[in-house]
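Inside the fold
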Amino acid sequence: MSDEKRKPTPEEKAAAAAEARAKAESLRKLREQEAQASQEPQEEVSALEVKPVSEMTPEEKAAAKKAAAAEAIAKAKAAKEAKEAAEVETPVAEQQSEAVALPAKPVSEMTPEEKAAAKKAAAAEAIAKAKAAKEQAEASPPPAKPVSEMTPEEKAAAKKAAAAEALAKAKAAKEVKEAAENGADTADSAPDADAKAKAAAAAKAKAAAAAAAKAKAAREAGGDESGDDDAKAKAAAAAKAKAAAAAAAKAKASQATGDEAPAEEAPKAPSKNQPYLDKYVSRISEAFGQEVIEASYINELAKEVPTLTIQNERWHQIAQFLKDDEQLSFEYLSDLHGVDYEDRLEVYYHFYSYKNRQSLAVKVKTSREDSKVASVMDLWHGANWNERETFDLLGIHFPGHKDLRRILLPDDWVGYPLRKDYVQYDEEV
Amino acid sequence: MNHNILTTHVDTSSETGLRTEEMLLNVGPQHPSTHGVFRLVVKIDGETIKEAIPVMGYLHRGTEKLAENLTYTQIIPYTDRMDYVSAMTNNYVLCHAVETMMGLEIPERAQFLRLIAMELNRVASHLVWWGTFLLDIGAMGPFLYAFRDRETILDLFNELCGARMTFNYMRVGGVKWDAPPGWIDKAKEFVQYMKKELNNYHQLVTGNEIFISRLNGIGKFDTKTALDYSLSGVMLRSTGVKWDLRKDEPYCIYDRFEFDVPTATEGDCMARYHLRMAEIEQSLRILEQALEQFPSEGEVMGKVPRVIRPPAGETYVRIESPRGEIGCYIASQGKDKPWRLKFRRPSFTNLQILPKLLQGENLSNMVAILGSIDIVLGEVDC
């Protein structure tokens, strides 16, 4: 759920003005903190964000967003309270803070305040775990683990990390009144009523410190996890920096785009199929030269399949190579069809190599007026009917095909229906 | 049709001294053994098939063209009408393609319901195949048993989604309906019943002498041919390739369940018969586990934007339908309707090998070979 869908309550409206003022303040603070953060944990930030946001699960996104939201609000409140110390305002602001934080939070994840400490410990431990696992993973060649391969625990942990931090910050900003209800960590970091203005900044530092400490404790209790304490402290700091960056992005961006803001910031990790793509590209360019590959990329939308766009004129030779080359040996043609992009036609091939257990997508472009793509029927007999179908519906010609005639439509059909400018032929008109 | 098949050859100088003549035999499109509206023009010499030319398109409805003017949710019912014997897998492949593009998370309960629906449908589909295949080669009885038991599955589907055949059950992000109270128990009951019944099937047919002699060594091909012709599913596994997308490129939640991928090496009709029977067994095995682990509560729809707009780009996903590898390609331009939608239909692709298999065969083996490929014309013609 995006923030824009929230119904504005009277309390929120009342607080809106104050929030606006506070935003400027919090922005300034954030810049300071970012400047600070950029010095120490820079490499951890990038390391932690190996995962491309496009692969983030909805929960993770929600959690990241929530963290950002909660932080912004905590700061807004602290700043506001510094300006007007009137007691009456406080509950309103608190309500608002909750109102904002809650919608982002999945119902099942709603945690009572008193559980925060325990949760945070778990979170810190999880971060440390993830970090340790990542460090191990980095030792061996395969790149970052995609979310789809994450274990449920890891996912949950990542989620918790963000959630717990947000909670801790919001809590710290909520000052002494609630301290009695809160768990251990607020008790030792309970801010003074006079220190409201500093509360947000202080709470942040404290939360991180506490998280690190708890991580240590948790690990000692857990025993079997590997990784040193420094790693955990770093992980905690990195998570903090990440949240800060997200908050900054959030503050800058409008509320509607809150979802995308963190997504743009995260650096993309190379796909697990990148090495395969590189291999295909290098094999083909070695044999035929660089220019035959018009484009090569990992198609993130199609389960990261390596995709090549091949020069039309050389296609048949390269197809032969794809099939016969020892290292490629794509002996199976899964699919073949055409697409009309209005300025050009494209034929899309999906190959599979049972030997190497790898997929490959190939695209060959041709013009709409004189559409010709070399037939691969002699290499993969399965292309026979698919090429006929493509000819039938899109009017792409496949020189080299032995029996290229319509297959689904009657032989006397006029026109190619799947072309975008197709108009059905009618004798009466 | 302007094709050289219209010229036949008369041989008067045969060794036996008999005058033999090639003739054209038109099979279909309205012929029960083609399982729909499929036409074969067969050139025969005596009882030997010289050449067979498939003619199709009688059931072509232009699904892919229609889909370009429909929103993604509106396309789902059209997929029901492609492979109408196993519509659940068709529903799934479309939803899966859109979900892959949008990176949606499917709730646990919906995943289970999808998997259970797909596996029940696989059993139903194989039952239809079993009944009609045996009917084709002359055994009337099995058809009645198979359709009786399949009806139980259709009743289950009826309770689940209100339709016996064209389910329109799955949605992008989950499924439309939750299982009604008691449905899981009924499904469990059916699985237990079917496990026993399967033995009866084998007793009824599998050891039959005539049956064996009609299938053994008929319609044979090897792995290389299978790969060359882009065959998939049982057609490919019958030549010894252990390949099942449920196992090798897991989707949905198949990786959580234990099951085997039965293979054979003979590559003939008999091997395909045994594989499909073994697959029913494996499906029941998956169902047993899934029904046991079915979550007691939870959502059946994930968080999906009101208007489904996959990001601009293209995707191709493939899953294991009862007939083989069904794929869905979507080219999106970020709109609520696909720019291009293409289904890779296993029936269509598998059917390509038919002319090759029929060449030189006895005419009476034609229906056995066609039946063992297991096609659905709604899918061939799309």
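Residues numbered from 1 in each chain as written. Chains lettered and ligands numbered in written order. Predicted model: local features only at pLDDT ≥ 70, side-chain atom pairs only at ≥ 80, totals over all residues. Heavy atoms only, no water.

**A few points about the overall build of chain A**
For the record, the criterion: Working definition: helices are DSSP H or I runs of at least four residues, strands are E runs of at least two. Numbering for both runs from the N terminus. Burial status follows relative accessibility: with a 1.4 Å probe on protein chains alone, a residue under 20% of its type maximum counts as buried, one over 50% as exposed, and anything between as partly exposed. Residue burial considers only the protein chains on display, and all accessible areas are found by Shrake-Rupley using a 1.4 Å probe.
Scanning chain A for helices and strands turns up 13 helices and five strands. Residues counted as buried form 51% of the 429 residues belonging to chain A. Carbon together with sulfur atoms contributes 54% to the accessible area of chain A, which is approximately 19,800 Å² in total.

**With respect to the pairing of strand β9 (residues 313–321) of chain B**
Residues and elements named next belong to chain B. Note the following rule: For two strands to count as paired, DSSP must find a minimum of two bridges between them.
Counting buried residues along β9, eight of its nine residues qualify, which places the element largely inside the surrounding structure. In this sheet, strand β10 (residues 324–332) lies alongside β9 in antiparallel orientation, the contact comprising nine bridges. The residue bridging tyrosine 316 from the neighbouring strand is tyrosine 329, located in β10. Taking the residues between adjacent antiparallel strands as the criterion, β9 and β10 are bridged by two residues.

**Topic: the interface of chain B and chain A**
Stated precisely, the cut-off is as follows: A contact between two residues is defined here by any heavy atoms of the two lying within 4.5 Å. Buried area: the accessible area, evaluated with a 1.4 Å probe, that two parts lose upon being put together, summed over both parts. The term salt bridge refers to a pairing of a side-chain nitrogen on Lys or Arg with a carboxyl oxygen on Asp or Glu at a separation within 4 Å. Polar contact criterion, stated in full: a pair of N or O atoms within 3.5 Å, where within protein one must be able to donate a hydrogen and the other to accept it, and residues adjacent in sequence count only if both atoms are side-chain atoms. We call Asp, Glu, Lys and Arg charged. Ala, Val, Leu, Ile, Met, Phe, Trp, Tyr, Cys and Pro are nonpolar, and the rest, Gly among them, are polar.
Taken together, the contact between chain B and chain A spans 48 residues of the former and 48 residues of the latter. Between chain B and chain A, roughly 4,200 Å² of surface is buried when both sides are summed, and carbon and sulfur atoms account for 53% of that area. Area buried by chain B at its contact with chain A is led by Glu314, Tyr316 and Trp339 of chain B, which between them contribute 16% of it. At the boundary of chain B with chain A, the tally comes to five salt bridges. When the shortest N-O distance is used, the salt bridge between lysine 420 of chain A and glutamate 68 of chain B registers 3.1 Å. There are 24 residue pairs in polar contact (both at pLDDT 80 or more) connecting chain B and chain A. Looking at which element gives the most residues to the side of chain B that touches chain A, the answer is β9 of chain B, with six residues. Residues belonging to the side of chain B that touches chain A are distributed by class as follows: 21 nonpolar, eleven polar and 16 charged.

**What about the sheet that holds β9 of chain B?**
All names here are of chain B. Rule in force here: With axes taken as lines fitted to C-alpha atoms, and helix axes fitted only over the stretch in contact, angles between N-to-C directions fall between 0 and 180 degrees.
One open sheet accounts for three strands, arranged β9-β10-β11; its pairing is antiparallel. Each having just a single partner strand, β9 and β11 (340–344) make up the two edges of the open sheet. Averaged over all pairs of adjacent strands, the angle between strand axes in this sheet comes to 10 degrees, irrespective of strand direction. The pairing of β10 with β11 spans five bridges and is antiparallel. Residue glycine 327 lies in a different strand from β11, and its bridge partner there is arginine 344.

**Concerning the confidence of the model for chain A**
All names here are of chain A. Stated formally: The pLDDT value expresses, per residue, how confident the predictor is, ranging between 0 and 100.
When pLDDT is averaged along chain A, the result is 64; 37% of the residues meet or exceed 70. Low pLDDT, under 50, characterises residues 1–8; the stretch is placed with 13 contacts to residues that sit more than four places away or in other chains. Segment residues 85–111: pLDDT under 50, and 40 contacts once partners within four positions in sequence are set aside and those in other chains are kept.

**Focus on the environment of lysine 195 of chain B**
Residues and elements named next belong to chain B. With respect to the helices, strands and loops of the structure, lysine 195 is situated in helix α6 (residues 183–206). Judged by relative accessible area, which is 36%, lysine 195 ranks as partly exposed. Sequence separation between lysine 195 and leucine 284 is 89 residues; the distance between their C-alpha atoms is 7.2 Å. With residues near it in sequence (within four places) discarded, lysine 195 still touches Leu284 and Glu288. Engagement of the side chain of lysine 195 in a polar contact is seen with the side chain of glutamate 288, the distance being 2.8 Å.

**Some points on the packing of helix α4 (residues 108–136) of chain B against helix α5 (residues 141–161) of chain B**
Between two packed helices, the angle of one axis relative to the other and the distance separating the axes together describe the packing. Residues and elements named next belong to chain B. For the record, the criterion: To sort the angles, those under 35 degrees are grouped as roughly parallel, those over 145 as roughly antiparallel, those from 65 to 115 as roughly perpendicular, and the leftovers as oblique. Rotating anticlockwise by less than a right angle from the far helix to the near helix defines a left-handed crossing, while the corresponding clockwise rotation defines a right-handed one.
Two numbers describe how α4 lies on α5: the axes approach to 8 Å, and their chain directions differ by 155 degrees. Relative to α5, the element α4 lies roughly antiparallel. For the element pair α4 and α5, the recorded crossing hand is left-handed. Grouping the amino acids of the contact of α4 with α5 by side-chain chemistry returns 18 nonpolar, three polar and two charged.

**Remarks on the sheet that holds strand β1 (residues 293–299) of chain A**
Residue and element names in this part refer to chain A. One open sheet accounts for five strands, arranged β1-β2-β5-β4-β3; its pairing is mixed. Strands with a single pairing partner mark the edges of an open sheet, and in this sheet they are β1 and β3 (332–340). If you compare each strand with its neighbour and ignore which way they point, the axes differ by 20 degrees on average.

**Considerations on helix α3 (residues 87–102) of chain B**
Residue and element names in this part refer to chain B. Put simply, the test is: Any helix carries an expected span of 1.5 Å times its number of residues minus one.
With 16 residues, α3 extends 23 Å from end C-alpha to end C-alpha; this agrees with the ideal 22 Å at 1.5 Å per step. Within α3, 16 of the 16 residues are buried, which leaves the element mostly enclosed by the surrounding structure. Glycine 103, located one to two residues past α3, shows a positive phi value of around 65 degrees.

**Notes on the nonpolar core**
Applicable threshold: By nonpolar core is meant a set of buried Ala, Val, Leu, Ile, Met, Phe, Trp, Tyr and Cys residues that side-chain atoms within 4.5 Å join together.
Ile284, Trp315, Leu322, Tyr349 and Phe351 of chain A together with Tyr169 and Tyr273 of chain B are the most contacted members of the largest nonpolar core, which totals 163 residues. In terms of residue count, α4 of chain B provides more of this core than any other element does, 15 residues in total. Discounting chain neighbours no more than four positions away, the residues touching tyrosine 169 of chain B are Met88, Asn91, Leu113, Ala117, Leu160, Cys161, Val175, Lys176 and Trp177 of chain B. Grouped together as the second largest cluster of nonpolar side chains are ten residues, Val305 of chain A together with Tyr316, Tyr329 and Ala331 of chain B included.

**What to know about the packing of aromatic side chains**
The condition that has to hold: In summary, the pairing rule links any two rings of Phe, Tyr or Trp, Trp by its six-membered ring, whose centres are within 6.5 Å, and it sorts them by plane angle into stacked for under 30 degrees, edge-to-face for over 60 and tilted for everything else.
All told, the structure shown has 27 aromatic pairs over all chains when counted by the stated rule. With a centroid separation of 5.3 Å and an interplanar angle of 85 degrees, the aromatic rings of tyrosine 332 of chain A and tyrosine 354 of chain A are classed as edge-to-face. Placement of the pair is tyrosine 332 of chain A in strand β3 and tyrosine 354 of chain A in the loop between β4 (345–353) and β5 (358–366), with a sequence separation of 22 residues. Here the two residues tyrosine 332 of chain A and tyrosine 354 of chain A agree in accessibility, since each one is buried. Ring geometry for tryptophan 130 of chain B against tyrosine 201 of chain B: centres 4.1 Å apart, planes inclined by 10 degrees, an arrangement best described as stacked. One end of the pair, tryptophan 130 of chain B, is in helix α4; the other, tyrosine 201 of chain B, is in helix α6, and 71 residues separate them in sequence. Grouping residues by exposure puts tryptophan 130 of chain B and tyrosine 201 of chain B together as buried. What links up through ring pairs into an aromatic cluster is the set Tyr280, Trp315, Phe330, Tyr349, Phe351 and Trp380 of chain A.

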